[in-house]
Amino acid sequence: MIKNPIQLRIEKLPQWQQRLFMACLCERMYPNFVFYCQQQQNEEDAKSYKKILDLVWESLLVEDVKINFDLQLEKLEAIIPTVTDDSPYMVYPAIDACQALSEVLHSYLSGEIAEHSAKVSGISATTVAEFEMTKTNVALSEDEQQNLQSVVDEFDLQWELFRLLRDETNETIELIKGLKDEIRSAKTSNIGVFLSN
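Parameters and conventions
Residues numbered from 1 in each chain as written. Predicted model: local features only at pLDDT ≥ 70, side-chain atom pairs only at ≥ 80, totals over all residues. Heavy atoms only, no water. Phe/Tyr/Trp six-rings, centres within 6.5 Å; stacked < 30°, edge-to-face > 60°. Helix = DSSP H or I, 4+ residues; strand = E, 2+ residues; numbered from the N terminus. Buried < 20%, exposed > 50% of the residue type's maximum accessible area, 1.4 Å probe, protein only. Lys NZ or Arg CZ within 6 Å of the ring centre and 35° of its normal. Salt bridge = Lys/Arg side-chain N within 4 Å of Asp/Glu carboxyl O.

(A) The arrangement of the packing of aromatic side chains in detail. Throughout the structure, instances matching the rule amount to 6 aromatic pairs. The interplanar angle of 15° and the centroid separation of 4.0 Å between the aromatic rings of F69 and Y108 together place this pair among those described as stacked. You can see F69 sitting in helix 4 (residues 69–79) and its partner Y108 sitting in helix 5 (residues 91–110), a full 39 residues away along the chain. With respect to class, F69 is no different from Y108; both count as buried. Geometry around Y108 places R19 over its ring, the cationic atom sitting 3.9 Å from the centre.

Spelled out as structure tokens, the structure:
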């Protein structure tokens, strides 16, 4: 997993802000999962992922909402793609998107937040690095991966999100809704996959 000092900084945020940080990164990885599902002509799995992610957002927006996260984890595990000999490349970013969402759900089940928020940060950056290495067909060490411009850009975005949360002065609900709407309206993933619908 690609590490960055941001992962230590996120740990110092309140729990709800760490979960919001994770939800934002999952929302950015969601188009990768949708694109893979479209390749497989499997719209249902994409809808399932979205429903689970929507419940995470709901947990941030609605105080004391009752959500069965064990059940959501079961549903997520049922749609995680498996790699076969004829799998398209997008199976890997799709699996990463599922792993990131799984980390969020585990944070609710275990009550341990910091380790999960660090992992989601690293998963998103790793998706970006692996995409670059696949495009160029060049294997890079972890240090070299961290210096890729696209990975630097990914962490810049994560830092921007962190600073927004750290300096948060808006009403909490406005902040959460604003971030959710901004990422969804961009419809673009961490590796540039665009959702056309």
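(B) Geometry of the environment of V193. Positionally, V193 belongs in the segment after helix 9 (172–186). Separated by 17 residues in sequence, V193 and I176 have C-alpha atoms that sit 23 Å apart.

(C) Focus on the pattern of salt bridges. Under the counting rule described, the total for this entry stands at 8 salt bridges. The salt bridge partner of E27 is R184, with a shortest N-O separation of 3.0 Å. A residue pair is termed long-range when its members are at least 10 positions apart, and E27 in helix 2 (residues 15–39) and R184 in helix 9 qualify at 157 residues. According to the relative accessible area criterion, R184 is partly exposed, its value standing at 23%. Residue K119 is joined to E115 by a salt bridge in which the shortest nitrogen-to-oxygen separation is 3.7 Å. Taken together, the positions of K119 and E115, both in helix 6 (residues 114–136) and 4 residues apart, correspond to about one turn of that helix. When salt bridges that share partners are traced, they join E27, K50, D54 and R184 into one network.

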